[in-house]
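Secondary and tertiary structure notes
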Amino acid sequence: MNVLIVYAHPEPRSLNGSLKDFSVKRLEDAGHIVQVSDLYAMNWKASLDANDSLDRQPGARFDPSLDSKRAFKDGRQSQDIALEQEKLRWADAVILQFPLWWFSMPAILKGWVERVYAYGFAYGVGEHSDARWGDRYGEGSMAGKRAMLVVTTGGWESHYSPRGINGPIDDVLFPIQHGILYYPGFDVLPPFVIHRTSRIDEARFAGVQDALGKRLDDLWKTAPIPFRPQNAGAYDIPALTLRSDVAADQIGFSAHIE
Ligand SMILES: Cc1cc2nc3c(=O)[nH]c(=O)nc-3n(C[C@H](O)[C@H](O)[C@H](O)COP(=O)(O)OP(=O)(O)OC[C@H]3O[C@@H](n4cnc5c(N)ncnc54)[C@H](O)[C@@H]3O)c2cc1C
């Protein structure tokens, strides 16, 4: 299988760097082909702007969505964007690996998403009507592929527990797992999260490697998070709210999980 690791940490000798190297080796030893987009090493341009289209007209008003749509359709995207899209098409599984920075992904990775997820590639795909609201949330260009987050946090596991002050980790990661991965169609596996990173010695590091190794071995058999597909009847269209008889007593993120 083909695995793409999109990796965002500025220091190769970091915990994240060590775990990324470990993952590459574990996957390759199992016979998979691995590509790594090491965003800092690539000097990835994080900001979406008018230079992302090769057909940029000086002085023309820049429209982030429509310029993206046109450049994608005409094959006139900046080369770095097109190359990352090609890697996504190639991949059977995608791993996003990053330290949690301010409750989200580092800006360089967010910028990868913003630029690589072009209009017509990751969004604005499929029929929009009163019966369907595009190919998204369970359908889309990434359908049939798997995705998983590998995330490190300074905070303790209890800080991210159901009543922890940081909010439950599943809620913190919901915008990434549901909004960025499930939206274009990935099957999203439960995340691999390493908490309390300031307390990692050799013994704990070995345990973390073991646990991560098992998750990588099981990449093709782990059950995805059962997010509710948008166009399969659970949602009223075009309001896109859950039908009143679906999870009637639930609100918030968890209501979107079967
Ligand atoms: C801007 C910013 C925002 C942040 N926001 C948040 C937030 O919102 N929530 C939150 O919880 N945390 C937050 N943090 C903390 C952050 O998530 C952690 O610092 C990060 O996850 C640690 O990952 P690292 O790869 O940088 O670890 P490192 O600092 O590189 O390593 C952590 C520990 O692992 C050990 N280690 C590393 N490699 C090895 C190895 N090969 N073998 C054995 N031990 C090893 C190191 O000795 C060290 O003790 C933030 C940090 C920053 C800088």
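Residues numbered from 1 in each chain as written. Predicted model: local features only at pLDDT ≥ 70, side-chain atom pairs only at ≥ 80, totals over all residues.

1. Some points on the overall build of the protein chain
What the protein chain contains, in helices and strands, is seven helices and eight strands. In terms of overall dimensions, the protein chain is globule-like: its C-alpha atoms have a radius of gyration of 19 Å, near the 18 Å expected for 258 residues. The C-alpha extent of the protein chain, read off along each of the three principal axes, is 55 × 50 × 35 Å. Out of the 258 residues belonging to the protein chain, those deemed buried represent 32%. Restricting to contacts in the protein chain with at least 6 residues of sequence separation, those with at least 24 account for 74%. (Helix = DSSP H or I, 4+ residues; strand = E, 2+ residues; numbered from the N terminus. Rg over C-alpha atoms; globule rule 2.2 N^0.38 Å. Buried ≥ 20, exposed ≤ 12 C-beta atoms within 10 Å, placed from the backbone. Contact = placed C-beta atoms within 7 Å.)

2. Description of the nonpolar core
Judged by nonpolar contacts, the single largest core of 53 residues is most densely connected at V6, V94, I95, L109, A147 and V188. With sequence-adjacent residues up to four places away left out, V94 is seen in contact with L4, V6, L88, K145, A147 and F186. (Core = buried A, V, L, I, M, F, W, Y, C linked by C-beta atoms within 7 Å.)

3. Details of the UniProt feature "domain: Flavodoxin-like fold" (unreviewed entry) in the protein chain
Feature annotation in UniProt places "domain: Flavodoxin-like fold" (unreviewed entry) on residues 1–212, given in this structure's numbering. Counting secondary structure, residues 1–212 comes out at 33% helix and 15% strand; the distance between its end C-alpha atoms is 18 Å. (UniProt positions renumbered as here; feature names shortened; annotations may be inferred.)

4. Description of the pairing of strand β3 (residues 93–99)
Of all seven residues that make up β3, six are buried, and the element is covered over most of its length. Taken together, the five bridges between strand β1 (residues 2–7) and β3 define a ladder with parallel strand orientation. When the sheet's bridge partners are listed, L4 is paired in β3 with V94. Pairing geometry for β3 and strand β4 (residues 146–152), over seven bridges, is parallel. (Pairing = 2+ DSSP bridges.)

5. Examining the site of the ligand
Taken together, 19 residues lie near the ligand, and S14, P99, T152, G154 and G155 sit nearest. Of all elements in the fold, only α1 (15–29) and α7 (202–217) reach the threshold of two or more residues within the shell around the ligand. Looking at the shell around the ligand element by element, the count peaks at three residues for α1. Across the shell around the ligand, the residue classes tally to eight nonpolar, 10 polar and one charged. (Near = placed C-beta within 6 Å. Nonpolar A, V, L, I, M, F, W, Y, C, P; charged D, E, K, R; others polar.)

6. Some remarks on helix α2 (residues 64–73)
Turning to α2, its buried residues number three or more, namely D67, S68, A71 and F72. Mapping the buried residues of α2 onto a view down its axis gives an arc of 130°, with all of them on the same face. Exposed residues pointing more than 90 degrees away from the buried face of α2 are listed as S65 and L66. G75 sits one or two residues past α2 and shows a positive phi near 65°. (Arc of directions from axis to C-beta.)

7. Topic: the packing of α1 against α7
When two helices pack together, their arrangement is given by the angle between the helix axes and by the axis-to-axis distance. Interhelical geometry of α1 versus α7 gives an angle of 45° and a closest axis separation of 10 Å. Relative to α7, α1 is oriented oblique. Taken as a pair, α1 and α7 cross one another with a handedness that is right-handed. In this structure, α1 contributes L19, F22, S23, R26 and L27 to the contact, and α7 contributes Q209, L212, G213 and L216. In terms of residue class, the contact of α1 with α7 is made up of five nonpolar, three polar and one charged. (Axes fitted to C-alpha atoms, helices over the stretch in contact; angles between N-to-C directions. Parallel < 35°, antiparallel > 145°, perpendicular 65-115°, else oblique. Left-handed = near helix turned anticlockwise from the far one by under 90°.)

8. A few points about unusual backbone geometry
Omega for the bond connecting I237 with P238 falls within 30 degrees of zero, at 15°, which places this linkage in the cis form. Turning to its location among the elements, P238 is positioned in the loop between β7 (235–236) and β8 (241–242). Of note in the backbone geometry, N43 takes a positive phi value of approximately 55° without being a glycine. Relative to the helices and strands, N43 resides in the loop between β2 (33–38) and α2. Phi at L240 is positive, roughly 60°, even though this residue is not glycine. Following the sequence through the fold, L240 ends up in the loop between β7 and β8.

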